[in-house]
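# Chains, contacts and geometry: an overview
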Amino acid sequence: MIIYKTAEEIEIMREAAQIVSRTLGKIAEMIEPGVTPLELDKVAESYIRSENAIPGFLGLYDFPNTLCISINDAVVHGIPTETPLKDGDIVSVDCGAIFEGYYGDHAYTFEVGNVKEEVKQLLKVTKECLYLGIEQCRAGNRIGDIGFAIQQHAEKHGYGVVRDLVGHGIGKTMHEEPQVPNYGRRGKGKKIQNGLTIAIEPMINMGTEKVVQLEDGWTIVTQDRLPSAHFEHDVAVIEGKPEILSTFDYIEKALEKKK
Ligand code: MG
Ligand code: MG
């Protein structure tokens, strides 16, 4: 069952999403060769708590940390380690927070130092996929329209669209109905209506769409071990139109400052 949200609930969810947005802004300031994923995780946890929120991933399905940090061929659900980031890595940082009982959940893939041109292109196209998907999230459209837009754009560039993991409804629980695949057919799936709140999160691979899980029971990697990118926003449908509750502004300002 899809749980549609009232305007008041959406405002609380916007707060939760903004806390995650600011957290990822702090992470953006720290991303450089030598920093460890566990250091990033600690900063994220204390920042979220300083905002009177609760880390959304910590303990969820027994996940051990605040951030999912997925490097290079890791798609999602990477566990933060003490292995420093290296020049040329790409790193997806996915973060969740609970504020007044509602979840925010979004992600950004960062470049560490100097990244190969072809990998930069993968990041650029994946981010474009996210916004093309969001554009379809309007009343009268169907969930399949979102996936269709994402899939078309990714495949046009020869990339693989992950099938095994999908976006999702979000609210008082992290994962609600509906599932929001990054592939699909135009005009198929559940109808989109006001009050829908979903996390749209394209996971796009340089090579094959196929993924496998590592023995840690969490990390999802590409089967061919080529790089993968992941961007995510929380979106609400208000007055028929998509409204992005999260923002990459804090990240982009921090990255701009480092140039
Ligand atoms: Mg996420
Ligand atoms: Mg999500």
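What comes next is a walk through the structure. Everything numeric in this text was worked out from a predicted model, so none of it was measured.

## Focus: the environment of Leu196
- Tracing the backbone through its elements, the reader meets Leu196 in the loop between β8 (176–180) and β9 (197–200).
- Along the backbone, Leu196 and Asp41 are 155 residues apart, and their C-alpha atoms lie at a distance of 30 Å.
- Once residues within four sequence positions are removed from consideration, Leu196 is found in contact with Ile2, Tyr4, Ile143, Pro178, Val235, Ala236 and Val237.

## So, the coordination of the magnesium ion (ligand 1)
- Taken together, Asp94 (OD), Asp94 (OD), Asp105 (OD) and Glu232 (OE) make up the full set of protein donors to the magnesium ion (ligand 1), lying 2.0 to 2.5 Å away.
- When the donors of the magnesium ion (ligand 1) are listed by position in the chain, the intervening gaps give D-x10-D-x126-E.
- Separating the magnesium ion (ligand 1) from the magnesium ion (ligand 2) is a gap of 3.1 Å, which Asp105 spans by donating to each of them. One end of the pair, Asp105, is in strand β5 (residues 102–111); the other, Glu232, is in the loop between β13 (228–230) and β14 (233–238), and 127 residues separate them in sequence. In this structure, Asp105 and Glu232 share a single accessibility class: buried.

## What to know about the coordination of the magnesium ion (ligand 2)
- For the magnesium ion (ligand 2), the protein coordination sphere consists of Asp105 (OD), His168 (NE2), Glu201 (OE) and Glu232 (OE), at 2.1 to 2.2 Å.
- Look at where the donors of the magnesium ion (ligand 2) fall in the sequence and you get D-x62-H-x32-E-x30-E.

## Here we look at the nonpolar core
- Ranked by internal contacts, the top residues of the largest apolar core, which has 54 residues, are Phe110, Ile146 and Ile200.
- With seven residues, the single largest contributor to this core is helix α3 (residues 117–135).
- Residue contacts for Phe110: discarding those within four places in its chain leaves Leu24, Ile27, Ala28, Ile31, Asp89, Ile90, Val91, Val93, Ile251 and Leu255.

## Points about the sheet that holds strand β11 (residues 211–213)
- If you walk across this open sheet you meet the three strands as β3-β12-β11, and the pairing is antiparallel. Strand pairing shows two members of the sheet lacking a second neighbour, β3 (74–76) and β11, which therefore form its edges. The mean inter-strand angle of the sheet, taken between neighbouring strand axes irrespective of direction, is 40°.
- Sheet topology note: the β3/strand β12 (residues 220–222) ladder contains two bridges and is antiparallel. From the neighbouring strand, Val76 faces β12, where its bridge partner is Ile220.

## Points about the packing of aromatic side chains
- Counted according to the given criterion, the structure contains six aromatic pairs.
- With centroids separated by 4.9 Å and ring planes inclined at 85°, the aromatic side chains of Phe63 and Trp218 adopt a geometry described as edge-to-face. Separated by 155 residues along the polypeptide, Phe63 in the loop between β1 (54–55) and β2 (67–71) and Trp218 in the loop between β11 and β12 bring together distant segments of the chain. By the burial criterion, Phe63 is buried, and Trp218 matches it.
- Note on Tyr108 and Phe248: the rings are 4.9 Å apart at their centroids and 80° apart in plane angle, and the pair reads as edge-to-face. Here the residue Tyr108 occupies a position in strand β5, and Phe248 occupies one in the loop between β15 (241–244) and α5 (249–258), the gap between them amounting to 140 residues.

Conventions adopted
Residues numbered from 1 in each chain as written. Chains lettered and ligands numbered in written order. Predicted model: local features only at pLDDT ≥ 70, side-chain atom pairs only at ≥ 80, totals over all residues. Heavy atoms only, no water. Helix = DSSP H or I, 4+ residues; strand = E, 2+ residues; numbered from the N terminus. Contact = heavy atoms within 4.5 Å. Donors = N, O, S within 2.8 Å, 3.2 Å for Na, K, Ca; no water. Buried < 20%, exposed > 50% of the residue type's maximum accessible area, 1.4 Å probe, protein only. Core = buried A, V, L, I, M, F, W, Y, C linked by side-chain atoms within 4.5 Å. Pairing = 2+ DSSP bridges. Axes fitted to C-alpha atoms, helices over the stretch in contact; angles between N-to-C directions. Phe/Tyr/Trp six-rings, centres within 6.5 Å; stacked < 30°, edge-to-face > 60°.

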